[in-house]
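The chain contents come next:
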Amino acid sequence: MKNIILFVLCIFLFFSNCTEKKIQDKKPKLVVSIVIDQMRYDYLTRYAERYGKGGFNRILKNGFSLENAHYNYIPTYTAVGHASIFTGTTPNNHGIISNNWYDKFLKESIYCVDDSNYATVGNSGNVGKKSPQRLYTTTISDELHLAQNMKGKTIGLSIKDRSAILPVGHTANGAYWYDAANNNQWVTSSYYMKKLPKWVADFNANNNADNYLNETWNTLYDINTYEKSRSDNNIFEKNLNGKATPTFPKKLKELRAKNGNFNLIKTVPAGNTYTVDFAKAAIIGEQLGKTAYTDFLTVSFSSTDYIGHRYGVAAVETEDTYLRLDKDLEDFFTFLDTEVGKNNYTLFLTADHAAVHVPAYLQSLKISAHYMDAKKFKNFILEITQKYFNSKELVENISNYQIFLNKDKIASLGLDKNEVAQKLADEVINFDKIYKAVTARTLQTTNFTDGIMNSLQNGYNQKFSGDVLMIPYPATLIRERKGTSHGSGYSYDTHIPIIFYGNGIKKGKSSKKYSIIDIAPTISNLLKIESPNGTSGKVIEEALK
Ligand code: ZN
Ligand code: ZN
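Everything quoted here is computed from the prediction, not taken from an experiment.

Student: Please clarify how the sheet that holds strand β12 (residues 345–350) should be interpreted in this entry.
Tutor: Paired through backbone hydrogen bonds, the strands of a sheet run either parallel or antiparallel to each other. An order of β5-β8-β7-β6-β11-β1-β12-β19-β2-β20 is seen for the ten strands of this open sheet, with the pairing classed as mixed. The open sheet is flanked by β5 (120–121) and β20 (508–515), the only strands paired with a single partner. Against the sheet, helix α7 (residues 161–168) engages β6 (154–158), β7 (174–179) and β11 (295–301), with an angle of about 175 degrees to β7.

Written out as structure tokens, the structure reads:
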């Protein structure tokens, strides 16, 4: 009898083991990416005490956190960040070299996702004339589509167009962004579809942006408890129009008229809540995570960036925004549990770049920081070409710390373009804010394996980038002395959180150095699909089960 019981128990254990293994091996039904625009790594630690259990802390505790992950190219801007996360490679390969850049072939400045071949879907305005045509490599979701014979849905959404379009690549079923200017609607491009799906039209019809903008933004907790930030009223923050000081409370109802009406939602935490509302509508509307195929949803929170630019890193506004975002995330994770199922999704959270402390604030602390005068800089460059080549027409454009030469003019004067470029690189270093300068030719012929020159090289695209590339000192911005920005290859701009969570992910953390381009091959490996076609990152093995 005893033996029979033992035998039955063994059989039972054997089969229960099998089922367990089966569940573990099952692919996620949905991959959700969360990109938080301008989130520095230290926002995780700086505000940790007041994060709740269900938001950042939930995925930190139960997921895998990379504590020393960095961007590995210059410039660290939104479009470039979003492209690099999802393609697993850098601008030298994927082609998105900035948000805006000078197009040598068109001889004009262009915006990364503009495409006049397409029309707005949702209204008759211009904000939908977009596509991912300037992205030259595939994304994770493109590869997922190819692997599943175009089955499974891939959807991107964000208040910013570029943050909705670039993550889901070329084959997306839809990408949606917010048209605040005229219509207070979520729109898309005819690149994806002819007509808005019913769920988007319904969301627009029952739009609650209005409700959010009739509220007052006050701090979540007693303002005196915001000890991680400077005092609320200080000279380093940019004010909203119609307010005398950059302080709480911010009565949005009164302020919206003077701050672009619906555009104001971008610069308040409610913009994040509003994004979660739309993400939930997308999951329900598209029935994501309900079939045998894996779906992919990319959600990018833009308000953190607008708020960061305006108030800076050490502002009560920024602290409050992250405390509120933590609650929005908790709400979104709980929704995913119920709607998709706890073990059915894999999630990763990261940022498209970080940000520098307001340079004027750093200066007030005697830390080296600088402001560049773009006009003075341009004149300095033209003086160089005048002095050495007797012409001020040798430069076509200066943008993103790159000089684009006028090659026709150089040829017509019988000059050598490499000689002109080298002279500029040698001389521009004498401009007081410029720290390093190098010619494109040097980047083509030298292999920089680490440090900031490696980042410059990873950001340099032989086809699209300029002829001379420059790097300013750390903490240098070209902007007014209030608020802040990003774009450099220094650690304050490159150090970002990367947290994986859910199906297929181990619990743990690592302080090893990883790059942003390691996310795409890791998720591809988890899904057992090919990595994006330009991938130069590596699989983060320690994060995977
Ligand atoms: Zn950004
Ligand atoms: Zn920004």
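Student: Explain the domain arrangement of the protein to me, please; I cannot follow it from the model alone.
Tutor: Interfaces are often sized by the amount of accessible area the parts lose when they come together. The assigned domain composition of the protein is domain 1 (29–363 + 496–543) and domain 2 (370–473). On a C-alpha basis, the centroid separation for the pair domain 1 and domain 2 is 33 Å. Taken together, the contact between domain 1 and domain 2 spans 23 residues of the former and 23 residues of the latter. At the boundary of domain 1 with domain 2, total buried surface from both sides reaches about 1800 Å², with 53% on carbon and sulfur atoms. Three residues, Ile 74, Tyr 102 and Lys 104, lead the burial of domain 1 against domain 2; their summed loss comes to 35% of the area buried on that side. Here domain 1 is connected to domain 2 by one salt bridge. Glu 396 is the partner of Lys 107 in a salt bridge, and the nearest nitrogen-oxygen pair spans 3.2 Å. Summed over the shared surface of domain 1 and domain 2, the number is twelve residue pairs in polar contact (both at pLDDT 80 or more). For the side of domain 1 that touches domain 2, the secondary-structure elements that each account for two or more residues are α5 (91–94), β3 (100–103) and α14 (359–364).

Student: It is not clear to me how the pairing of strand β2 (residues 64–70) should be interpreted in this structure. Could you clarify?
Tutor: For β2, the buried fraction is high: five of the seven residues fall into the buried class. Bridge count between β2 and strand β19 (residues 495–502): five bridges; the pairing is antiparallel. Among the inter-strand pairings, Leu 66 is bridged to a residue of β19, identified as Ile 498. With six bridges connecting them, β2 and β20 associate as parallel partners. Looking across to β20, one finds that Leu 66 is bridged to Ser 510.

Student: Hey, could you run me through the packing of aromatic side chains in this one?
Tutor: Here the structure, examined in full by the defined rule, presents 30 aromatic pairs. For the pair Phe 86 and Phe 348, a centre-to-centre distance of 5.9 Å together with 45 degrees between the ring planes defines the contact as tilted. Of this pair, Phe 86 sits in helix α4 (residues 78–87) while Phe 348 sits in strand β12, and the two are 262 residues apart along the sequence. Judged by its relative accessible area of 0%, Phe 86 falls in the buried class. A relative accessible area of 0% means that Phe 348 is categorised as buried.

Definitions and limits used
Residues numbered from 1 in each chain as written. Chains lettered and ligands numbered in written order. Predicted model: local features only at pLDDT ≥ 70, side-chain atom pairs only at ≥ 80, totals over all residues. Heavy atoms only, no water. Pairing = 2+ DSSP bridges. Helix = DSSP H or I, 4+ residues; strand = E, 2+ residues; numbered from the N terminus. Contact = heavy atoms within 4.5 Å. Axes fitted to C-alpha atoms, helices over the stretch in contact; angles between N-to-C directions. Domains from an automatic or database assignment. Buried area = accessible area lost by both parts, 1.4 Å probe. Salt bridge = Lys/Arg side-chain N within 4 Å of Asp/Glu carboxyl O. Polar contact = N/O pair within 3.5 Å; in protein donor to acceptor, adjacent residues only side chain to side chain. Buried < 20%, exposed > 50% of the residue type's maximum accessible area, 1.4 Å probe, protein only. Phe/Tyr/Trp six-rings, centres within 6.5 Å; stacked < 30°, edge-to-face > 60°.

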